[in-house]
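Residue-level structural notes
Below are the chains, spelled out letter by letter.
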Amino acid sequence: MKQSNWKVLLNGIIKENPVLVLVLGTCPTLALTSLAVNAVGMGVAATAVLLCSNIAISLLKNIIPDKVRIPCYIVLIAGFVTIVGFVVQAYAPSIYDALGLYLPLIVVNCIILGRAEMFANKNSVLASACDAIGMGIGFTLTLLVMGSIREILGAGTWFGWQVIPDAVTPMSIMTQPPGGFFIFGVLIAVVNVILAKKGKKRKVSGCGACPSAEHCAKASEGGC
Amino acid sequence: MDTMKNLLVILITAILTNNFILNKFLGICPFLGVSKKLDSSVGMSVAVIFVMLMSTAVTWPIQIYLLDPYNLGYLQTVIFILIIAALVQLIETILKKFIPSLHQALGVYLPLITTNCAVLGVTILNITEKYSFGEAMVNSLGAGLGFMLAMVLFSGVRSRAESESIPACFKGMPITLVAASIVAVAFMGFSGVVDGLFK
């Protein structure tokens, strides 16, 4: 593997972590991290879709007309989501039930459309695949961290194993919606501290990642 | 009477107990992005209610009369997202041509809605919950109103949070999320309301 592709791969995991640094894909991050197992399931499913769509879009980048590229990307992504949905349903039915509504909603996950728009339609197939794997691992790891914190604090277990003894009452609010918002807020604050210590500024993806940017009057004003 | 009661239960459940933003985590991007000012949160919410109702009115018949009879259920995701995208474009064009004043108020928010997971979420949910057409429409209305309620409430919370002095690392997104967590706690209080009202 070339040095630059390796860099692209690592970039997605740490420097441009899609969830914690770019703050994309917040809906699944909040909704599916009440248990670590679901978090990993979501991460792997989204990574698979991202890998397929990045490869396909970078292969088709010269064929798809610029004006209708967003609808084309959405149809491609929706197709891959359907395929991944079938695979999950066949081989991991319990994960399929747990992901429920959020599995088809991978279509509108901004990470996937964002990477198509920001990376895959400008770069080679190999680089796009590396980018997808890096971003996917970054997404999955973040979900795993959040899922672990919420499951350990909220249920006293980790992947179903008892971690905190029975005598300690778990804070069940952590597995409920408010806990999701809270832990996510704290994690982003931690990343802010790390970025501040390194003297780096948060790389704001802003409207560049938004598929509607060119129709949106507010994009030129620097965001919503 | 029973159908009325049933519809009312669906409506109130969708607005309060199963609030799309604070309970189901759908539509978080506009919730965090557009809720800075009261007028923009109202504009966005009205546009969302509008598109949710329209897309339910189109996707429900297509699923029941086209996809189900011909065993094409697996095309659901692809068809629904295409319908929503086309519908948003159509609504925008029609508004621009015939009701320019409304287009001016909502136009900015319409393109953002295509990739809003709340809209795709509500249309899929209506099918998986096996709602009738009336129930599906009421559920979409409730989801939209719940979205609006959370957006409007939160824009007030947010303007307060931004004017306070907070630690540097919590500025911006983190404090917004923590505030959202507290609003979500408030909404958890509604969890018994429906049972209590319609026992």
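Quick summary incoming for the structure in this document. Values in this document were obtained by computation on a predicted structure and should not be read as measured data. (Residues numbered from 1 in each chain as written. Chains lettered and ligands numbered in written order. Predicted model: local features only at pLDDT ≥ 70, side-chain atom pairs only at ≥ 80, totals over all residues. Heavy atoms only, no water.)

1. Describing the overall build of chain B
We count it as follows: Helix and strand assignments come from DSSP, with helices taken as H or I runs of at least 4 residues and strands as E runs of at least 2, each series counted from the N terminus. Under the scheme applied here, a residue whose accessible area is under 20% of the maximum for its type counts as buried, over 50% as exposed, and between as partly exposed, the area being computed with a 1.4 Å probe on protein chains only. Pairs of residues are marked as contacts when any of their non-hydrogen atoms sit within 4.5 Å. Per-residue and other accessible areas follow the Shrake-Rupley method at a 1.4 Å probe size, with only the shown protein chains counted as cover for residues. The charged-residue count follows a simple rule in which Lys and Arg add positive charge and Asp and Glu add negative charge, with His and chain termini not counted at all. Here the site of a charge means NZ on Lys, CZ on Arg, CG on Asp, or CD on Glu.
Tallying secondary structure elements over chain B gives 10 helices and zero strands in all. Going residue by residue from the N terminus, the α and β elements of chain B occur as α-α-α-α-α-α-α-α-α-α. Seen along its three principal axes, the alpha-carbon backbone of chain B occupies a region of about 60 × 50 × 30 Å. Within the span of chain B, comprising 199 residues, buried residues form 50% of the whole. Counted over contacts in chain B with a minimum sequence separation of 6, partners at least 24 positions apart contribute 79%. Approximately 9,000 Å² of chain B is accessible, and the part contributed by carbon and sulfur atoms is 68%. Once the 11 positive and 9 negative side-chain charges of chain B are each reduced to a mean point, those two points are 8 Å apart.

2. Points about the overall build of chain A
A tally of helices and strands in chain A yields eight helices and two strands. Reading the helices (α) and strands (β) of chain A from amino to carboxyl end gives α-α-α-α-α-α-α-β-β-α. Relative to all contacts within chain A whose residues are 6 or more apart in sequence, the contacts with residues 24 or more apart total 74%. Element-wise, carbon and sulfur atoms account for 68% of the exposed surface of chain A, whose accessible area totals about 10,200 Å².

3. Some thoughts on the interface of chain A and chain B
Selection criterion: Using a 1.4 Å probe, buried area is obtained as the accessible area two parts lose upon being combined, added over both of them. One speaks of a salt bridge when a side-chain nitrogen belonging to Lys or Arg is within 4 Å of a carboxyl oxygen belonging to Asp or Glu. Pairs of N or O atoms within 3.5 Å make up the polar contacts considered here, provided that, within protein, one atom can donate a hydrogen while the other can accept it, and that residues adjacent in sequence are counted only when both atoms are side-chain atoms. For this classification, Asp, Glu, Lys and Arg are treated as charged, while Ala, Val, Leu, Ile, Met, Phe, Trp, Tyr, Cys and Pro are nonpolar and the rest, including Gly, are polar.
Listed by partner, the interface residues are 39 residues for chain A and 43 residues for chain B. Both faces combined, the contact of chain A with chain B buries some 3,500 Å², and carbon together with sulfur accounts for 83% of it. Contact with chain B buries area across many residues of chain A, yet Leu101(A), Val108(A) and Phe181(A) alone supply 18% of it, more than any other trio. Our count for the chain A to chain B interface comes out at zero salt bridges. Linking chain A to chain B there are three residue pairs in polar contact (both at pLDDT 80 or more). Counting residues per element, the ones that place at least two in the side of chain A that touches chain B are helix 2 (26–31), helix 4 (69–91), helix 6 (110–120) and helix 8 (177–197) of chain A. Broken down by element, the side of chain A that touches chain B gets its largest block of residues, 11 residues, from helix 8 of chain A. Considered class by class, the residues forming the side of chain A that touches chain B number 30 nonpolar, eight polar and one charged.

4. Here's the deal with the environment of Pro111(B)
Inspection of the secondary structure puts Pro111(B) in helix 6 (residues 110–113). Separated by 19 residues in sequence, Pro111(B) and Glu92(B) place their C-alpha atoms 8.2 Å apart.

5. Quick word on helix 8 of chain A
Quick reminder of the rule: Multiplying 1.5 Å by the residue count of a helix minus one yields the expected span of that helix.
For helix 8 of chain A, spanning 21 residues, the distance from its first C-alpha to its last is 31 Å, which sits close to the expected 30 Å at 1.5 Å a residue. One or two residues past the end of helix 8 of chain A sits Gly199(A), with phi positive at roughly 70°.

6. As for the packing of aromatic side chains
What counts is decided by this rule: Stacked, edge-to-face and tilted labels apply to pairs of Phe, Tyr and Trp rings (six-membered ring for Trp) whose centres lie within 6.5 Å, assigned for plane angles under 30 degrees, over 60, and everything in between, in that order.
The tally for this structure, following the rule as stated, stands at eight aromatic pairs over all chains. Where Phe187(B) meets Phe190(B), the ring centres are 5.4 Å apart and the plane angle is 70°; that geometry is what we call edge-to-face. Three or more aromatic residues link up through ring pairs in this structure, and these residues are Phe181(A), Phe25(B), Phe31(B) and Phe154(B).

7. With respect to the packing of helix 4 (residues 76–98) of chain B against helix 7 (residues 117–128) of chain B
All names here are of chain B. The following threshold applies: With axes taken as lines fitted to C-alpha atoms, and helix axes fitted only over the stretch in contact, angles between N-to-C directions fall between 0 and 180 degrees. Convention used here: angles under 35 degrees read as roughly parallel, angles over 145 as roughly antiparallel, angles from 65 to 115 as roughly perpendicular, and any remaining angle as oblique. Crossings are classed by handedness, with left-handed meaning an anticlockwise turn of the near helix from the far one by less than a right angle and right-handed meaning a clockwise turn.
As a packed pair, helix 4 and helix 7 sit with axes 10 Å apart at the nearest point and diverge in direction by 130°. By the criterion of interaxial angle, the relationship of helix 4 to helix 7 is oblique. When the axes of helix 4 and helix 7 are compared, the crossing they make is right-handed. On helix 7, the residues touching Gln76, Phe80, Ile81 and Ile84 of helix 4 are Val119, Leu120, Thr123, Ile124 and Ile127. Here the contact of helix 4 with helix 7 is composed, by residue class, of seven nonpolar, two polar and no charged.

8. Brief notes about the environment of Ile64(B)
Residues and elements named next belong to chain B. With respect to the secondary-structure elements, Ile64 resides in helix 3 (residues 38–67). The class of Ile64 is partly exposed, set by a relative accessible area of 28%. Counting along the chain gives 68 residues from Ile64 to Ser132, while the straight-line C-alpha distance between them is 9.8 Å.

9. Topic: unusual backbone geometry
Residue and element names in this part refer to chain B. The phi torsion at Asn71 lies on the positive side, around 55°, for a residue other than glycine. Mapped onto the fold, Asn71 is located in the loop between helix 3 and helix 4. Asn71 gets classed as exposed once you look at its relative accessible area, which sits at 63%. At Lys130, a position not held by glycine, the phi torsion is positive, near 55°. Counting through the fold element by element, Lys130 comes out in the loop between helix 7 and helix 8 (133–163).

In short, shape yes, function no, at least from these values alone.
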